[in-house]
Each structure stands twice: as structure tokens, then as C-alpha cells.
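Structural overview
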Amino acid sequence: MSVPSQMKCLVKETEKEGYDLVTRPVPKAGPGDVIIKIDKVSICGSDINLWKWNDVAKVIATIPFIPGHEATGVVAAAGEGVTELRAGQRVAVENHFYCGSCYLCKEARGDICQRMDQYGHGRGTDQGGCCQFSRVPARFCYALTRDLTPDQAVLLEPMGVAHNAVDSIDVKGEDVLVLGCGPVGLFAVAVAGALGQSGGGGGEGEGEGGGERIHASEDAPSHKQHIYIYIYIYIYIYIYIYIYIYIYNIYIYIHTNTHTLKHIYICINIYILFSNLSFVSYYSVFHYA
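Just so you know, these numbers come straight off a predicted model, no measurement behind them. Sequence order as written defines residue numbering, which begins from 1 separately in each chain. Under the rules for a predicted model, residues below a pLDDT of 70 receive no local features and side-chain atom pairs below 80 are neither given nor counted, while totals for whole chains, interfaces and linings still include all residues. With hydrogens and water stripped out, all remaining heavy atoms of the structure feed into the side-chain values.

In this section: the overall build of the protein chain. Numbering of helices and strands runs from the N terminus, with a helix taken as a DSSP run of H or I at least four residues long and a strand as a DSSP run of E at least two residues long. Each helix and strand in the protein chain was counted, giving eight helices and eleven strands. Type-normalised accessible area, obtained with a 1.4 Å probe on protein chains alone, sets the label of each residue: buried when under 20%, exposed when over 50%, and partly exposed for intermediate values. Counting the 289 residues in the protein chain, one finds 34% classified as buried. The Shrake-Rupley method, run with a 1.4 Å probe sphere, supplies the accessible areas, and residue values consider only the shown protein chains as cover. For the protein chain, the exposed surface amounts to about 17600 Å²; the carbon and sulfur share of it is 59%.

Here is the structure:
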């Protein structure tokens, strides 16, 4: 595959909203690197933060960089020492550049490497997928062994997030509840089915596998559910205060014979009585509404 000398790419070089579309030389492959002709790059929620360059972006990225950490393409050239990939081979990019030598990497937890660099975030590399050609270490490229379309292959990275989470728990033969069905949540539903949860598929009702045992909800708790939560919290606090006041009143009644304090005791108990009645009414209205 012929590689041109120039390419277009998006870059963020200053702390401001947006990116700049520029023309740059195509990067050269160093030892252990490959040059990928980018086919597709997808947009993650973090990319919105990077576009805006808000407080989140300042934590997760370092200027300058080319954005786009979910990318797929074709190997255009390979650097010295690269034997596992060849020109013309389709790959998906692993955007987490783990070191391989820290304690967590040695414990097979490269996903939370202590010295993590990140493709598309300016961490350890200025490269990203929002360009025509990108330089990536060959060890962070996964060769595609199935006939996935570029639109499918570019989603392997977010699917990997879901797989990493679901695979950390043993879902085989179990019921699974997925709360929050954005892209990663939907992948979690699919991955759980593929890993052998009890229903074999799902969603709200039946999925492609015909199962009914993965329960997924894209909705946040309703207003009515929030009210129930507040009521339960109120019950807990109310009972605690009620017991404290009741015990304290008994103490006062036992340890004093003054007329005034006995009147205070009676007033407090009347207040508690009416509070109970009002609470029951309040709870009933919202519980049965």
C-alpha cells in the first residue's frame, strides 16, 4: 500500500474549545510501530469533554494531540521488528497503552496500569484516530480475524469496556440486571448473553436469544421512585429522633417533679402523636398515588 507524504487531521494544540483541521506529514513507523490507514473512528463521551476542553478534559488529556481513541483501519506500513502484523491487514486499536512492567500489569490488570498512556488523549503519544494515517505500537493493534465491517470493528473498544466489566463477574447461569443502557450498557447486555447468562439474551422483554433473564433499563429512577427514596430516608431519621425524644422524656418525667417540666413532657408527646398522624397521611398519599 502506497503511503502519501501529507495527510489531513484534527488537532488540539491550545486550551480552547474545538479542534483545528490541519495538513501534516504522515508519521513514520519507528521500531515496533505500524502505520495505519484509518477507516473509521467513533466518538466517545470523553471526546465531547476534549472538544470543550473543560475540567474533565484537563485531567484525562494532555495537549497537543490528535483526538479519536476508538479507531480501526488497515496496516499501511510496518516498522523494524514488527513480525505479527503485515501491510494490508485490518486491525482495531487498543487505546490504553499499558506499560507491561508495573505491579498491576504483572497481575494481568493492564486496564488500570499505574503508568498508563492513552492514544487519542495526548498521553505518551500525540497520535489519535481523527486523521488519515496514524502511528501505533504494533502490540496495541488487534488483527481482525473475522469479517467485521469498519462500522463494527470501530466499536470493539467500547465493547471491550463492557466485556471487561461483565467478565469480572461470573454471569454463567445467572440472572443479569443492567442499569443504564447507553452504548456500553447495551454492549453489557450482549456480552452477558454471549458469556452464558441464564436467559441467553434480553432487554426489557426478550432479546435475540429468546431469553427473558437479562433486565435492562435505560431510564433513570422516576419522580415517584425518588419520592419513595425520600420517604424511606425520612422514616429512618424520624424513628431515630422519635426514640431519642421518647427516652429523654421518660428520663425527665422520672427525675423531676416540677409542674412546668411535666407540662413540657405532655406537649412534646402531643406533638409526637400529631406528627405520627401527619406522617402516615403523607406516606399514604404518595404510596398509593
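Turning next to the pattern of salt bridges. When charged atoms on two side chains of opposite charge get close, those side chains can pair. By definition here, a salt bridge exists when the distance from a side-chain nitrogen of Lys or Arg to a carboxyl oxygen of Asp or Glu is within 4 Å. The full count for this structure, using the stated rule, is four salt bridges. With its nearest N and O atoms 3.9 Å apart, the salt bridge here joins Asp-33 to Arg-135. Here Arg-135 lies in strand S8 (residues 133–137) and Asp-33 lies in strand S3 (residues 33–42), a separation of 102 residues in the sequence.

Let's shift gears to the state of the cysteines. Criterion for a disulfide: a pair of cysteine sulfur atoms within 2.5 Å. Under the definition given, this model contains zero disulfides. Of the cysteine sulfurs around Cys-99, a residue in no disulfide, the closest is that of Cys-113, at 3.6 Å.

When two rings of Phe, Tyr or Trp (its six-membered ring) have centres within 6.5 Å they constitute a pair, described as stacked for plane angles under 30 degrees, edge-to-face for angles over 60, and tilted for the intermediate range. In total, this model carries five aromatic pairs according to the counting rule given. Relative to Trp-51, the ring of Tyr-19 lies with its centre 5.5 Å away and its plane at 75°, an arrangement referred to as edge-to-face. You can see Tyr-19 sitting in the loop between strand S1 (6–11) and strand S2 (20–25) and its partner Trp-51 sitting in helix H1 (residues 45–52), a full 32 residues away along the chain. Judged by relative accessible area, Tyr-19 falls into the buried class, the value being 17%. Members of the aromatic cluster, joined through ring pairs, are Phe-97, Tyr-98, Tyr-119 and Phe-140.

Taken together, the side chains of Ile-233, Tyr-236, Ile-237, Tyr-240 and Ile-241 present a nonpolar region at the surface, about 570 Å² in accessible area. On the secondary structure map, Ile-241 appears in helix H7 (residues 223–255). Every patch collects residues that have over 30% relative accessible area and no salt bridge, joining them within 9 Å if they carry like charges and within 5 Å if they are nonpolar side chains (Val, Leu, Ile, Met, Phe, Trp, Tyr).

With that settled, consider the environment of Val-161. Assignment of secondary structure puts Val-161 in helix H5 (residues 156–167). We classify Val-161 as partly exposed; its relative accessible area is 40%. Sequence separation between Val-161 and Asp-111 is 50 residues; the distance between their C-alpha atoms is 9.4 Å.

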